[in-house]
Each structure stands twice: as C-alpha cells, then as structure tokens.
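Report on the structure
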Amino acid sequence: MDQHQRPNAKRDGVMKPLTAQERLFVETQNQCALCGSALQIRVETYLDDYYLREEAACPVCQIKTRVKNHKMH
Ligand SMILES: [Zn+2]
C-alpha cells in the first residue's frame with residue numbers, strides 16, 4: 001500500500017468509491033500542471049532498504065513534478 005495523504009478520508013474502516021472530487025484530484029496528479037500532458041511515472045525499487053521511489057516527469061516540459069518514497073512493509 002502507498003501512503004497517500006487524503007485530507008478528507010474518513011477512518012471509519014469502510015471502503016467507499018472515490019468521489020468526483022477525489023477522481024479529479026487523482027487525474028490532476030497524473031497530468032502536468034503546466035501543459036496538461038500525461039506524466040511519465042517511473043518507479044524504482046531499492047531492495048536494500050525496502051523503499052519504492054516514485055518519480056513523475058513531464059516529457060514535454062522536462063520537469064519532475066514529484067518524487068515520493070514508499071516504504072514497503
Ligand atoms: Zn508539461
């Protein structure tokens with residue numbers, strides 16, 4: 001599992017479908033904020049310390065929009 005922080009998520013233990021707002025958020029996360037192109041997601045694993053590293057980059061603007069580390073445990 002990853003460690004996305006969802007401010008509106010309720011910890012009631014019940015899985016519910018994404019709201020329209022949440023869908024929009026996810027889609028936004030996968031598009032370049034500058035040009036709207038689909039981001040290229042690259043994931044690397046570091047098996048030494050059990051981390052996943054996620055990088056999202058725009059192929060058009062040549063920018064990295066995010067780097068996230070996920071601990072695999
Ligand atoms: Zn772009």
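Described below are features of the structure shown in this document. Keep in mind it's a predicted model, so treat the numbers as computed, not measured. (Residues numbered from 1 in each chain as written. Predicted model: local features only at pLDDT ≥ 70, side-chain atom pairs only at ≥ 80, totals over all residues.)

**Quick notes on the pairing of strand 2 (residues 51-58)**
Let me state the cut-off plainly: Paired strands, in this sense, are two strands between which DSSP finds at least two bridges. The numbering of helices and of strands both runs from the N terminus, where a helix is a DSSP run of H or I of at least 4 residues and a strand a run of E of at least 2.
Examined bridge by bridge, strand 1 (residues 40-46) and strand 2 share seven bridges and lie antiparallel to one another. Following the sheet pairing, arginine 42 is matched in strand 2 by glutamate 55. Taking the residues that link successive antiparallel strands as the turn, the strand 1-strand 2 hairpin has four residues, and the phi of tyrosine 50 there is positive, at about 60 degrees. Sheet topology note: the strand 2/strand 3 (residues 63-71) ladder contains eight bridges and is antiparallel. Bridging from a neighbouring strand, alanine 56 pairs with arginine 66 of strand 3. Linking two consecutive strands that pair antiparallel, namely strand 2 and strand 3, is a turn of four residues; a positive phi of about 60 degrees is found at glutamine 62 within it.

**Points about unusual backbone geometry**
Phi angles above zero are rare outside glycine, and glutamine 62 is one such case at about 60 degrees. Residue position: glutamine 62 is located in the loop between strand 2 and strand 3.

**A word on the sheet that holds strand 2**
To be explicit about the condition: Fitting a line to C-alpha atoms yields each axis, with helices limited to the stretch in contact; the angle taken between N-to-C directions then spans 0 to 180 degrees.
Pairing in this open sheet of three strands is antiparallel, and the strands run 1-2-3 from one edge to the other. Where the open sheet ends on each side, the last strands, each with one partner, are strand 1 and strand 3. Between one strand axis and the next, the sheet turns through 20 degrees on average, direction left out of account.

**Remarks on the environment of lysine 68**
For the record, the criterion: Counting other C-beta atoms within 10 Å of its own, a residue is labelled buried from 20 upward, exposed at 12 or fewer, and partly exposed in the gap between, with every C-beta atom placed from the backbone.
Along the chain, the position of lysine 68 falls in strand 3. The class of lysine 68 is partly exposed, set by 13 C-beta atoms lying within 10 Å. Measuring from C-alpha to C-alpha, the distance between lysine 68 and alanine 56 comes to 8.9 Å, with 12 residues separating the pair along the chain.

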